[in-house]
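# Summary of structural features
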Amino acid sequence: MPTPDTFWSYFGATLTYLAVLAIPGGLVGRAAGLRGWALAGLAPLLSYTVTGLAGPWLALAGVSYNPLTVAGVTAVLAGLGFGLRLCVRKQGQARGWIKPGAEEPPTKWHPRAHYAVAACVALAIGISILVVLSARGGTTAVFQRWDTVFHANGIRYIAETGDGSLTGMGTVNWYPDGSFYPNAYHLVGSLVYSISGTTIPVTLNAITMPVAGIFALSMVALIRQLGGRAVFAGCTALVAAAATTGAYESVSSGLLPFALGIVLTPLAVVALARFLARPGLDTGYVLALTAVGLLAAHSSALFGALLFAFPLVVQRWYRALRHKRLDGVPEGRGGWRVIGGDVVKMVPVMAGSALLAAPHILGALKFTSGSYPYYAWGSDLPVVKSLGLLVTFRQVLSAPQVWLTVLLVIGVLSLFRLGRMRWIGLAALGFSALFVLVASFGAEPWVISLSRPWWNDRYRLMALAAIPLCLLAGHGMAELQRWFAKWASGRSWVKSRPALPARLGLATAVFIVAASAVLTKGFYTESNAHAVSFLYYNGPEGEVTPPVSADELAAMNELTKMNIGPDEKVLNERFDGTAWLYAITGIHPVAGHYDPGVPPPDAKYLALHFRDYDTDPEVRAAVRRLNIKHVLIGSTPIKIGEPPAPGLRDLDGLNFLRKDFGNAGASIYTLTR
């Protein structure tokens, strides 16, 4: 069935998504003491924390997951945060344990600076939405890449059943027990789907559109928390919206929850920095919720956040050993005492995080010890090529993002100007080295083991490396503004006009942003749209037929007229677009994912032997067990050149089937006995 593809359907779903991001996390964060950019940045992550906790814990309690129960969980978490904050303020201040506001940014921004940075974030969100809207293909805007069908089916399953467990949505394909998957992405998606009333494809598009804008907001929150300049924050927001490898490349590959984890990763530093500056029940609570939210968004996100934040800790401990001033540490305290104190204070935070995320941790341990196969990619690019891809911010595109490379070089050369944020250089070095290892030596056993949290995938490691590289490029852009302002301030025509020097900073910042927009052709909007378009075509536009074709969608629509019961399954081919049947119509297919790893035994047997229905009693037994009365066959495989399964080929004319519908790309059959 053609899916609604109108401005208003996308607009309504996007507004719903932004509200779901802002309200639960905003309430929890505000109750726990967050304000300003820290609150704005952490609110989306905390919303994913709320939903990521609500789904599994409500399922364990036998309670349905829906907007009302999510509101209840939000109230509980906000109430707990408020109570901890109140306890800290009353007891801590009375006994001199804390210095009020010690966790806030060490420098102030002028009100105009806040407005200017907010404008940059708004522009970044607009760029992100424009990129995805420009990338949409065909008339249906259905995502075409590998895992997107799993995410689509999962969102609909949660919305229809209220089952927010970590295995429930997997039952669409791996029945009857399902399969573990961190599902905060899908839990939020189910709320957007339920509240907005749109289709699943529109819901997925709405969730995807602002992804680079969320990345920009996370970067701004990090820079603000650590005392960076407003110009640095605004420039980095625009770089985050322009870099293909930041968010768009993961989206183009269909790695939707992974892309979410990447854009939220910088927020780990925000929560950690606040806790280190003022260890307390409230800041520890926010840090614990941050860790849980990253884990619930995507398992690798927490690993990446730990690696990203570790250089900050290294810099802190190095300064402690050199007896330098540190946030949250009294003068004269010894370096080893500081290190020991940091470790000890982190223990209860880690314990609290583990307790909250117990379903996720236990599920992940069970999954990794199970039978699901792990295949390493084994990339073997030349080292020089890997480095070239890294510094030019691209893998799926042929054209390098040259101007971002220039900004990156300037940022690296002026690294000393970062002050308390010099640790970003170490993070960039570490992530870049990890990317090169996986891209160039991906078949080595020790590299496979090292990169297993990211499935040994160079595309995922590139996205991780893009976080500090975007920060350095943003710093380079900000340094250009500083140099230009310094040059302009020395001009006689500036000195002769008393009002100009006060406005010079804003004027030069606007000039640099405008010049960057011109040189990058709108912050690489067109090239990024081309990269994201692969999500809708499963390959370069015009070269690959979308696996979910218009003919298959028409056949799915026809199935909705056949009074198929909720306990029935429709037999289908695993590798064609019919795997989207449940997401599009709510009718359960036998194969609900392209993934052939560990399929249900009956599904596997029917794919091989269904044509033998008349002569094979096991085929008939499997059909009865799955309650199959109809067969849906498409024609456009997700794997180029992949033939249909042997048991589902050439079904026309078989005497136990009646063909009820057919077009150029899909057929529907009904079992006659």
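Each remark here, short or long, concerns the structure printed above.
Here's a quick rundown of the structure. Remember, it's a predicted structure, so these values are computed and weren't measured experimentally.

## Some remarks on the overall build of the chain
If you tally the helices and strands in the chain, you get 28 helices and five strands. On C-alpha atoms alone, the chain measures out to a radius of gyration of 26 Å, which is about the 26 Å that the 2.2 N^0.38 rule sets for 673 residues. Across its three principal directions, the C-alpha atoms of the chain cover 90 × 55 × 50 Å. Looking at the chain as a whole, 57% of its 673 residues are labelled buried.

## Comments concerning the state of the cysteines
Throughout the structure, instances matching the rule amount to zero disulfides. As a non-bridged cysteine, C235 has C120 as the owner of its nearest cysteine sulfur, 6.9 Å distant.

## As for a positive patch on the surface
A cluster of basic residues, R319, R322, K324 and R422, forms a positive patch on the protein surface. Mapped onto the elements of the fold, K324 is located in the loop between α14 (299-321) and α15 (335-356). The class for K324 is partly exposed, based on a relative accessible area of 41%.

## Here's the deal with the side chain of T198
Looking at the element boundaries, T198 is found in the loop between α6 (184-196) and α7 (200-208). At a separation of 3.2 Å, a polar atom in the side chain of T198 contacts the side chain of T203. The residues touching T198, leaving out its near neighbours within four places in the chain, are S9, A13, Y193 and T203.

## Description of the pattern of salt bridges
Counting across every chain of the model gives 17 salt bridges. Between R417 and E479 there is a salt bridge, with its nearest N and O atoms 3.8 Å apart. Of this pair, R417 sits in the loop between α18 (402-413) and α19 (423-441) while E479 sits in helix α21 (residues 458-489); the two residues are 62 residues apart in sequence, bridging distant segments of the chain. Residue R417 is classed as partly exposed on the basis of its relative accessible area, which comes to 39%. Ionic pairing is found between D602 and R625, a salt bridge with its closest N-O pair at 2.8 Å. In this pair, D602 sits in helix α27 (residues 601-609) while R625 sits in helix α28 (residues 617-626), placing the two residues 23 residues apart along the sequence. D602 sits in the buried class, given a relative accessible area of 16%. Ionic contacts of the salt-bridge type, sharing partners, join the residues R85, E103, E104, R274, R278 and D282 into one network.

## Details of the packing of aromatic side chains
To describe a pair of aromatic rings, one takes the distance between the centres and the angle between the planes. Summed over all chains, the structure comprises 11 aromatic pairs. Their ring planes at 15 degrees and their centres at 5.8 Å tell us that F484 and W487 sit as a pair that is stacked. Taken together, the residues F484 and W487, both in helix α21 and three residues apart, mark about one turn of the helix. Looking at W487, the relative accessible area reads 46%, which means it is partly exposed.

Basis of the calculations
- Residues numbered from 1 in each chain as written.
- Predicted model: local features only at pLDDT ≥ 70, side-chain atom pairs only at ≥ 80, totals over all residues.
- Heavy atoms only, no water.
- Helix = DSSP H or I, 4+ residues; strand = E, 2+ residues; numbered from the N terminus.
- Rg over C-alpha atoms; globule rule 2.2 N^0.38 Å.
- Buried < 20%, exposed > 50% of the residue type's maximum accessible area, 1.4 Å probe, protein only.
- Disulfide = S-S within 2.5 Å.
- Patch = residues over 30% accessible without salt bridge, like charges linked within 9 Å, V, L, I, M, F, W, Y side chains within 5 Å.
- Areas by Shrake-Rupley, 256 points an atom, 1.4 Å probe, with all protein chains shown as cover.
- Salt bridge = Lys/Arg side-chain N within 4 Å of Asp/Glu carboxyl O.
- Lys, Arg positive; Asp, Glu negative; His and termini not counted.
- Charge placed at Lys NZ, Arg CZ, Asp CG, Glu CD.
- Polar contact = N/O pair within 3.5 Å; in protein donor to acceptor, adjacent residues only side chain to side chain.
- Contact = heavy atoms within 4.5 Å.
- Phe/Tyr/Trp six-rings, centres within 6.5 Å; stacked < 30°, edge-to-face > 60°.

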